[in-house]
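Structural features, examined
One letter stands for each residue in the lines below.
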Amino acid sequence: MDFSLIVRSAAFLGAGICMGIGALGPGIGQGFVAGKACEGIARSPENSALLTRTMLLGQAVAESTGIYSLVIALLLIFTTG
Amino acid sequence: MIDSIELVQIAAYLGAAISVSFASLSAGYGEGYTAGLANFALMRQPKTSDQLSRTMLVSQAVTETGAIFSLVISLLLLFGGLDVEGGIVKAAALLAGGIAMGLGSVGPGFGSGYAGGYACSALSRMPTKGNEIMGNMLIGQALSQASSIFALVVALLLLYAIPEFSHLTLNQQIMRSVSYLGAGLCIGFGTFGPGTAIGFVAGKASDMIGRYPRERTTIMRTMFVGAAVTESTAIYSLVIAFLLMYAL
């Protein structure tokens, strides 16, 4: 039996765990930002451009940890085994 | 029976995944929380947009610390040139290192995000005290991130500095493997409470400095005392993790 396939399957399992759990936080966080931005725009529509800019800035930074997970998941899939 | 080298590789891959995924969870949520409250604050005080954006970005950068530690540990587990000989003990140590860093950065991520969010909220209420609020926020976040540094220390020791085990019998090796996993879980879960709670303390302190700037020294003193007491359980976890790693 070829055990290197078991090692590869562990790497695939790891990639799934990594991206799955890693996407949870940025998703919730970015949704919270967008929700608060909508709340802010509803109360003061004249600042909508400023609020949208800040929303996108904040979401971009919150995305970074999701990108870390993506990088590690891709490394686990393509460079291991 | 599966080859010992392959067992160690499996453990390293799973450890790398656990490390970066849990850290992303909390840091992503924390950064989003900060940005959300910053947006809401901007609605109240559009004139302070520069100051608010700066505070938000600094806070998010500090919140990111735990995730970056975890990324480093993951990359070390994947490409760090680790010794793959050693079978079950080495495999357990690598998996435990990943678990320690992953779970250990969850609390600080949530806590720092909370502290940053309330600092932004306070800033919109009292823009003239922006520097004091930001200073308080950074001190609080640094105290919160201390827990993730404990986790980083334990994870690096598990990766590179476990004691010699080749002379042990199989039963003793199994016992030692389990104690490494226990050490990883201990520091992982043990830093969750203190990391989150110190962020809560720092957030509330920043909020109150925004409302009552004259009471700043009293508020900060209380914050330090509260944070020090809260940190104590993280230090107990660190001591137990070291005992599990080196005293058995």
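Residues numbered from 1 in each chain as written. Chains lettered and ligands numbered in written order. Predicted model: local features only at pLDDT ≥ 70, side-chain atom pairs only at ≥ 80, totals over all residues. Heavy atoms only, no water.

Contacts between chain A and chain B engage 45 residues on the former and 40 residues on the latter. When the two sides are added together, the surface that chain A and chain B hide from each other amounts to roughly 3,500 Å², 78% of it contributed by carbon and sulfur. The interface formed by chain A and chain B includes 0 salt bridges. Of all the secondary-structure elements, those providing two or more residues to the side of chain A that touches chain B are helix H1 (3-43) and helix H2 (48-78) of chain A. Ranked by residues supplied to the side of chain A that touches chain B, first place goes to H1(A) with 24 residues. Here the residues of the side of chain A that touches chain B sort into 25 nonpolar, 16 polar and 4 charged. (Contact = heavy atoms within 4.5 Å. Buried area = accessible area lost by both parts, 1.4 Å probe. Salt bridge = Lys/Arg side-chain N within 4 Å of Asp/Glu carboxyl O. Helix = DSSP H or I, 4+ residues; strand = E, 2+ residues; numbered from the N terminus. Nonpolar A, V, L, I, M, F, W, Y, C, P; charged D, E, K, R; others polar.)

Between its first and last C-alpha, helix H5 (residues 130-160) of chain B extends 43 Å over 31 residues, near the 45 Å set by a 1.5 Å rise per residue. Most pronounced at Ala146(B), the bend in H5(B) amounts to some 25°. (Expected span 1.5 Å × (residues − 1). Bend = angle between axes of the 7 residues up to and from the residue.)

Summed over all chains, the structure comprises 7 aromatic pairs over all chains. Judged by centre distance (4.8 Å) and plane angle (35°), the ring pair of Tyr114(B) and Tyr118(B) falls under tilted. Residue Tyr114(B) and its partner Tyr118(B) are located together in helix H4 (residues 106-125), separated by 4 residues, close to a single helical turn. For Tyr114(B), a relative accessible area of 16% translates into the label buried. What makes Tyr118(B) buried here is its relative accessible area of 19%. Feature note: the residues Phe32(A), Tyr29(B), Tyr33(B), Phe110(B), Tyr114(B), Tyr118(B), Phe192(B) and Phe200(B) constitute an aromatic cluster, connected by ring pairs. Directly above the ring of Phe40(B) sits Lys36(A), whose terminal nitrogen or CZ lies 4.4 Å from the centroid. (Phe/Tyr/Trp six-rings, centres within 6.5 Å; stacked < 30°, edge-to-face > 60°. Buried < 20%, exposed > 50% of the residue type's maximum accessible area, 1.4 Å probe, protein only. Lys NZ or Arg CZ within 6 Å of the ring centre and 35° of its normal.)

It is worth spelling out the side chain of Glu64(B) at this point. Tracing the chain through its elements places Glu64(B) in helix H2 (residues 49-79). Buried and unpaired, Glu64(B) has Arg54(B) as its nearest opposite-charge partner, separated by 18 Å. Among the polar contacts made by the side chain of Glu64(B), one reaches the side chain of Ser64(A) at a distance of 2.8 Å. Leave out the neighbours within four places in its chain, and Glu64(B) touches Val61(A), Ser64(A), Thr65(A), Tyr68(A) and Glu31(B). (Lys, Arg positive; Asp, Glu negative; His and termini not counted. Polar contact = N/O pair within 3.5 Å; in protein donor to acceptor, adjacent residues only side chain to side chain.)

Scope: geometric values only; no functional claims are made or implied.
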